[in-house]
Amino acid sequence: MELTIDRLSKQYKNKIAVDRLSFKLQKGVTGLLGANGAGKTTLMQMICGVLNPSSGEVTYDGMSVSQEGYRDVLGYLPQEFGYYPEFSGLDFLLYFAALKGLSRKEAKVRCKELLELVGLNDVAKKKISSYSGGMKRRLGIAQALINRPEVLILDEPTAGLDPKERVRFRKLIEEIGKNSIVLLSTHIVSDVEDIAERVIMMRSGQIVWQGAWDQSRGSLEDFYMKTFDEEVPGDEEL
């Protein structure tokens, strides 16, 4: 189980959003840290096959992310995930389960499990338009887990969650990381400090440090001092 990012780049006209990144991810949780504009979202979109790179490639156990088989093992929560406001939470998950190829019977069981897991069981049949921001985020987390992914990519997953929800989320991701590759993008260190075995720090489209979490302390302090004073808006576009 290995996700390989090999000399990956993305350029928009005169702007290099991701600049020849290379690293490998294996089973466990990796935290991807960086300010807005660092290129985290662009990187994750290429890892998920949503965005084509200008150069380089991403493979999972030798399989290109452009292949259909990769989508079968992938779970992805973007910064802004699309939903149908008139759908209920349950209908939304059943819809995604169908897209992932689950049978009707499997889908019902799995969706019920997930709604319970993210604490939305009591509002499962209410319209998503009535959900709070945190509830919508939890629904997004649930849809990313429908197919029990081997590769789970989460872009700012705790945005809008209250402190209790954050704790529950961290425990959930820690458990998933025992059997899957998890890449979690955030600018909040506490989201990953207790669950990530590894951390990658990005600035201006480049990796400025990567390694084991317990070796990152000095680098992390320096990174935050240099990075967040120079934060660039608009990472959702990069």
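Here the structure is a predicted model, which means the values were calculated and not measured.

Draft legend 1. Broad picture of the environment of alanine 196. Mapped onto the fold, alanine 196 is located in the loop between strand E8 (181-186) and strand E9 (198-203). The class for alanine 196 is buried, based on a relative accessible area of 9%. Along the sequence, alanine 196 and aspartate 61 sit 135 residues apart, while their C-alpha atoms lie 22 Å from each other. If sequence neighbours within four positions are ignored, alanine 196 has contacts with Val29, Gly31 and Trp213.

Draft legend 2. The arrangement of the sheet that holds strand E5 (residues 63-64) in detail. Taken together, 4 strands build an open sheet; the order of strands is E2-E1-E4-E5 and the sheet is antiparallel. The sheet is open, and its two borders are formed by strand E2 (15-26) and E5, each paired with just one other strand. Alignment of strand E1 (residues 2-12) against strand E4 (residues 55-60), held across 5 bridges, turns out to be antiparallel. Pairing of threonine 4 across the sheet is with threonine 59, part of E4. Packed onto the sheet, helix H1 (residues 40-47) meets E1, E2 and E4 and runs at close to 125° relative to E1.

Draft legend 3. Main features of the packing of aromatic side chains. For the structure shown, the criterion picks out 6 aromatic pairs. Measuring from ring centre to ring centre gives 4.8 Å for phenylalanine 92 and phenylalanine 96, while their planes differ by 55°; the resulting arrangement is tilted. Here phenylalanine 92 and its partner phenylalanine 96 are both found in helix H3 (residues 89-99), 4 residues apart, which amounts to about one turn of the helix. For the residue pair phenylalanine 92 and phenylalanine 96, the accessibility class agrees, reading buried in each case. Here the aromatic cluster, defined as three or more aromatic residues joined through ring pairs, consists of Tyr84, Phe87, Phe92, Tyr95 and Phe96.

Draft legend 4. Fine view of helix H5 (residues 133-144). Over its 12 residues, H5 runs 17 Å from end to end, which matches the ideal 16 Å to within 8%, given 1.5 Å per residue. Counting buried positions along H5 gives 10 out of 12 residues, so the element sits mostly inside the fold. Buried residues of H5: Gly134, Met135, Arg137, Arg138, Leu139, Gly140, Ile141, Ala142, Gln143 and Ala144, and no others. Those residues of H5 hidden inside the fold are in contact with strand E6 (74-77), H3, helix H4 (104-117), strand E7 (151-155) and helix H6 (163-176).

Rules behind the numbers
- Throughout, residues of each chain are indexed from 1 in the direction in which the sequence is written.
- Only residues with pLDDT of 70 or above have their local features reported here, since the model is predicted, and side-chain atom pairs are shown and tallied only from 80 upward, although totals for entire chains, interfaces and linings are computed over all residues.
- Excluded from the side-chain calculations are hydrogens and water; all other atoms, namely the structure's heavy atoms, are used.
- Helix and strand definitions here come from DSSP, where helices need a minimum of 4 consecutive H or I residues and strands a minimum of 2 consecutive E residues; each element is numbered from the N-terminal end.
- Each residue gets one of three labels from its accessible area relative to the maximum for its type: buried under 20%, exposed over 50%, partly exposed in between, using a 1.4 Å probe on protein chains only.
- When checking whether two residues touch, look at their non-hydrogen atoms; a contact exists if any pair is within 4.5 Å.
- Here, any two strands with at least 2 DSSP bridges between them count as paired.
- Helix axes are fitted to C-alpha atoms over the stretch in contact, other axes to C-alpha atoms as well, and angles between N-to-C directions run from 0 to 180 degrees.
- Pairing of aromatic rings covers Phe, Tyr and Trp, the last through its six-membered ring, and needs centres within 6.5 Å; plane angles under 30 degrees mean stacked, over 60 mean edge-to-face, and all others mean tilted.
- What a helix should span is 1.5 Å times the count of its residues minus one.

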